[in-house]
Amino acid sequence: MQKNLGELSDKVNEIRELITRFEVCHFKYHQHLRNIKESINALEPNVDIHRIGINHIHHGESVLNNDMTGRSLIGQQYVWAMKVWLNENFPIEPSNDYDKKFGRQIHEWLGDKNSDKTELVRLLLARLTWDWKSYGELQHGGKFTDIELQAGRMDICHYAFPENLNLLIKGIGQMKAVEEREFEGCGSYNTDIKTYLEKEFLELNDTLLSLKNKSRQNKNDLIKAWLVACLAKTIKENIKISIPIIDIEN
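The notes below deal with the structure included here. (Residues numbered from 1 in each chain as written. Predicted model: local features only at pLDDT ≥ 70, side-chain atom pairs only at ≥ 80, totals over all residues. Heavy atoms only, no water.)

1. Describing the packing of aromatic side chains
Here the structure, examined in full by the defined rule, presents 6 aromatic pairs. Ring geometry for Tyr29 against Tyr196: centres 5.7 Å apart, planes inclined by 85 degrees, an arrangement best described as edge-to-face. Note that Tyr29 is positioned in helix H3 (residues 29–42) and Tyr196 in helix H10 (residues 191–212), a separation of 167 residues in sequence. For Tyr29, a relative accessible area of 7% puts it in the buried group. One aromatic cluster in this structure is built from Tyr78, Phe102 and Phe161. The ring of Phe27 has Arg71 sitting right over it, with the charged end atom 3.8 Å from the ring centre. Here the basic side chain of Lys113 rests over the ring of Trp85, its NZ or CZ set 5.0 Å away from the ring centre. (Phe/Tyr/Trp six-rings, centres within 6.5 Å; stacked < 30°, edge-to-face > 60°. Helix = DSSP H or I, 4+ residues; strand = E, 2+ residues; numbered from the N terminus. Buried < 20%, exposed > 50% of the residue type's maximum accessible area, 1.4 Å probe, protein only. Lys NZ or Arg CZ within 6 Å of the ring centre and 35° of its normal.)

Shown next, in the form of structure tokens:
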């Protein structure tokens, strides 16, 4: 479908990038899906792709006052607490925003240090702050591979944050991975998300059928059909829908 469209405008390519960035496990998945659908309908992105994630904690403490969701500050509390526990390259007094009571709770969950536990905490910190160089270097595998994999699926934008992070930190403290049936990490979805997105998928299929049956299709209609198919495919693959995408998988 894409090859038949020829050269695409920057705006259309930006909408395609929005679809690529769509995550079913993001706490704002409703809003993100609505933005994508509205962008496809107008053939113009209604969000600036360059501003996506600008308030994530991997940008440092300077973003905390700009994040209206409060998640960055919560995530930063975990970063501060784990750094204090490690007591490495960290000032004696963290930011005034640091919740010392919360820090003591994290210390209690992590317990006494040992070399393996220290490496796992460093790995989790690298993942939360998107320090991919350190994250790669800190993966050792072996008997703690399952904990490393769970750390790799942890981020502050997940719908189960911070509950899932609490479980993982407790697991690291006990040197034991979280039971998989209790663990919700990046790429996961719950029943509500699956039900919602299955309905959205069927509506996208109806939209494709409507675009196909238009008496006169222009290039904009073909572009919209391609974008709708891309979005349907993304949802289908993420939540394992067996229903085919109309006229593409039939």
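Past the structure itself, the notes keep going.
2. A closer look at helix H4 (residues 71–86)
An ideal rise of 1.5 Å per residue puts 22 Å on 16 residues; H4 measures up with 23 Å between its terminal C-alpha atoms. Counted residue by residue, H4 has 12 buried out of 16 residues, so it is predominantly covered. All of the buried residues in H4 are Arg71, Ser72, Gly75, Gln76, Gln77, Tyr78, Val79, Trp80, Ala81, Met82, Trp85 and Leu86. Considering only its buried residues, H4 is in contact with helix H5 (100–110), helix H6 (115–128) and helix H9 (163–174). Of the residues flanking the end of H4, it is Asn87, one or two places downstream, whose phi is positive at about 60 degrees. (Expected span 1.5 Å × (residues − 1). Contact = heavy atoms within 4.5 Å.)

3. Topic: unusual backbone geometry
Here the amide bond leading from Phe161 into Pro162 is cis, since omega sits at 5 degrees, within 30 degrees of zero. By secondary structure assignment, the location of Pro162 is in the loop between helix H8 (145–151) and H9. Phi is positive for Met175, which is not a glycine, with a value near 55 degrees. For Met175, the position within the fold is in the loop between H9 and H10. The backbone of Lys240 sits at a positive phi, close to 60 degrees, despite the residue not being glycine. Inspection of the secondary structure puts Lys240 in the segment after helix H11 (219–239). For Lys240, a relative accessible area of 61% translates into the label exposed.

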